[in-house]
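Fold and geometry: a report
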Amino acid sequence: METGIKDFARPVEASAVTELLPARPRVLALGEPTHGEDSLLDLRNALFRELVEEQGYRTIALESDCLRALTVDAYVTSGEGSLDDVMEHGFSHGWGGSRANRELVRWMRDFNANRPADDHVRFAGMDGPLEITGAESPRQALTALHEHLAAHVDAELLPCTADRLDDLLGADAPWTGQAAMMDPSQSIGRTPQARELRLLADDMVSLLETQAPHLAAVSSPDDRDRAHLYGRTAVGLLRYHSWMADTSPSRMAHLLATRDEMMAGNLLALAARGPVLVHAHNSHLQRDKSAMRMWGHPKVEWWSAGALVSTRLGDQYAHLATALGTMRHHGVDAPPPDTVEGILHTSPEPHYMIDAARLDAAARHLSAVPRVSPYFGYAPLDPSHLPRVDGVVYVRDVPHD
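So, here is what we can say about the structure in this document.

Procedures and definitions
- Residues numbered from 1 in each chain as written.
- Predicted model: local features only at pLDDT ≥ 70, side-chain atom pairs only at ≥ 80, totals over all residues.
- Heavy atoms only, no water.
- Salt bridge = Lys/Arg side-chain N within 4 Å of Asp/Glu carboxyl O.
- Helix = DSSP H or I, 4+ residues; strand = E, 2+ residues; numbered from the N terminus.
- Buried < 20%, exposed > 50% of the residue type's maximum accessible area, 1.4 Å probe, protein only.
- 1 Å grid on protein atoms, 1.4 Å probe; cavity = no way out; pocket = protein on both sides within 12 Å on 5 of 7 lines; lining within 4 Å.
- Points joined across faces, edges and corners; volume = space filled by probe spheres on them.
- Nonpolar A, V, L, I, M, F, W, Y, C, P; charged D, E, K, R; others polar.
- Phe/Tyr/Trp six-rings, centres within 6.5 Å; stacked < 30°, edge-to-face > 60°.
- Arc of directions from axis to C-beta.
- Polar contact = N/O pair within 3.5 Å; in protein donor to acceptor, adjacent residues only side chain to side chain.
- Core = buried A, V, L, I, M, F, W, Y, C linked by side-chain atoms within 4.5 Å.
- Contact = heavy atoms within 4.5 Å.
- Pairing = 2+ DSSP bridges.

Things to note about the pattern of salt bridges
Counted according to the given criterion, the structure contains 23 salt bridges. Among the salt bridges present, the one from Asp 166 reaches Arg 139, with a minimum N-O distance of 2.7 Å. Placement of the pair is Asp 166 in helix α8 (residues 162–169) and Arg 139 in helix α7 (residues 139–152), with a sequence separation of 27 residues. By relative accessible area, which is 41% here, Asp 166 ends up partly exposed. Sharing partners across several salt bridges, the network here consists of Asp 38, Asp 42, Arg 99 and Glu 103.

Structure below.
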């Protein structure tokens, strides 16, 4: 079996992706099994650079706040702001402190510097304005959407005034209070004001659609894309806050599903603009149902953004799942030989790519079992998922950064 893995291993390069996927997919998703490891992001950067330069991808989307990402996109396309400010304010989840993310943003700016706007590589966030501990106020998305509509359509068509919107939103603190994640009674997501805001958001998104011919004549494609982004985000955030106030046993499943639905909406909108490279956790990109346990809850299952996008795009969606061997600084030692990672670990290469179908055949031959992680922040690759993965990137050892 060692010989078989060596025979089919390929360098983690754009040419290997072309060999694996003869037709360029609309969305090429590279998943990671753990967050916060710059060595994995360095490999991502190198592969994404090649795919941009050699295969014409012109959007890179990361698992980060879609609204904050507008700051990064402005920097990489026009040089607006400073790199330090962009890294501090343009990312969520603390990703702005990553050395590898900083290098990616710097490279994107350098790549675009002497190119025409229609050949720029764009930056986007696929996630909503969410953290594991809570969610942002819908203020930014709702007010920006209202401003766009107020600037371009007759005032009598607007469902409310800016002042009414501001009154209903109130202070931001009740929206962002982290206690609501653990205690639904602390959420304001189902107050009369929140319910009215959901109706207004729906009406404003409808107005974007019903006024599409007029808006196309009086605003730029980027402005319209941004307005739709604000609309999706406003609707998604208000839905998320509503589920935060829920007390049923399905509360957590709805929250996780709503987050991935927001991710899927963002990816589909980006894909409508052109081919997209996306990087996020495997659990957000896989075609199989995702599952997790958290905060004493029983196992929760939901369909990931990848599953939703794949259902819409079919073979225009591709998922390369990253697996790893050791991460000793987190207590992850060499994988057992009867796991997917154990099979991959038989090759001495520091990292490589392999066709998931061939790996699946090897895993079935050895009756591979799921690897058990001693570290909560690392999710091994489930052998049952291999038939619905396009390729696997294997990193033998993840050093302590």
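Focus on empty space enclosed by the protein
Applying the stated rule across the entire model yields two cavities of 30 Å³ or more. Taken as a whole, the second largest cavity holds about 60 Å³ of empty space. Along its surface, the second largest cavity is lined by Val 12, Leu 30, Gly 31, Glu 32, Leu 40, Leu 43, Arg 44, His 279, Thr 322, Val 393 and Val 395. Grouping the amino acids of the lining of the second largest cavity by side-chain chemistry returns six nonpolar, three polar and two charged.

A look at the packing of aromatic side chains
Each pair of aromatic rings is reported with the distance of its centres and the angle of its planes. Enumeration according to the criterion identifies four aromatic pairs in this entry. The interplanar angle of 35 degrees and the centroid separation of 5.2 Å between the aromatic rings of Trp 107 and Phe 111 together place this pair among those described as tilted. Separated by four residues within a single helix, Trp 107 and Phe 111 lie in helix α6 (residues 99–112), roughly one turn from each other. When the ring of Tyr 375 is compared with that of Phe 376, the centres are 5.3 Å apart and the planes differ by 65 degrees; the resulting orientation is edge-to-face. Using a relative accessible area of 81% as the deciding quantity, one classes Phe 376 as exposed.

Some remarks on helix α18 (residues 356–365)
Considered for burial, the residues of α18 that qualify are Ala 356, Leu 359, Asp 360, Ala 362 and Ala 363. Down the axis of α18, the buried side of the element spans an arc of 165 degrees, and every buried residue falls inside it. α18 presents Ala 357, Arg 364 and His 365 as exposed residues on the side facing more than 90 degrees away from its buried surface. The opening residue of α18 is Asp 355, an N-cap whose side-chain oxygen sits 2.9 Å from the backbone nitrogen of Ala 357. Remark: Ser 367 follows α18 within two positions and exhibits a positive phi of approximately 50 degrees.

Observations concerning the nonpolar core
One finds Leu 28, Leu 51, Ile 60 and Val 105 to be the most contacted residues of the largest nonpolar core, which totals 45 residues. Looking at this core element by element, the count peaks at six residues for helix α3 (residues 38–55). Non-local contacts of Val 105, meaning those with residues more than four positions away in its chain, are made with Val 72, Tyr 75, Val 76, Leu 83, Val 86, Met 87 and Phe 91. One finds Ala 144, Leu 158, Leu 207 and Leu 229 within the second-largest nonpolar core, a separate group that totals 28 residues.

Some thoughts on the side chain of Asp 246
Tracing the backbone shows Asp 246 in the loop between α13 (221–244) and α14 (251–273). With near-sequence residues (within four places) excluded, Asp 246 lies in contact with Pro 184, Arg 190 and Arg 251.

A look at the pairing of strand β2 (residues 59–65)
In terms of residue burial, β2 counts as a mostly covered element, since seven of its seven residues are buried. Of the pairings in the sheet, the one linking β2 to strand β6 (residues 276–281) comprises four bridges and is parallel in character. Paired with Thr 59 across the two strands is Val 276, which belongs to β6.

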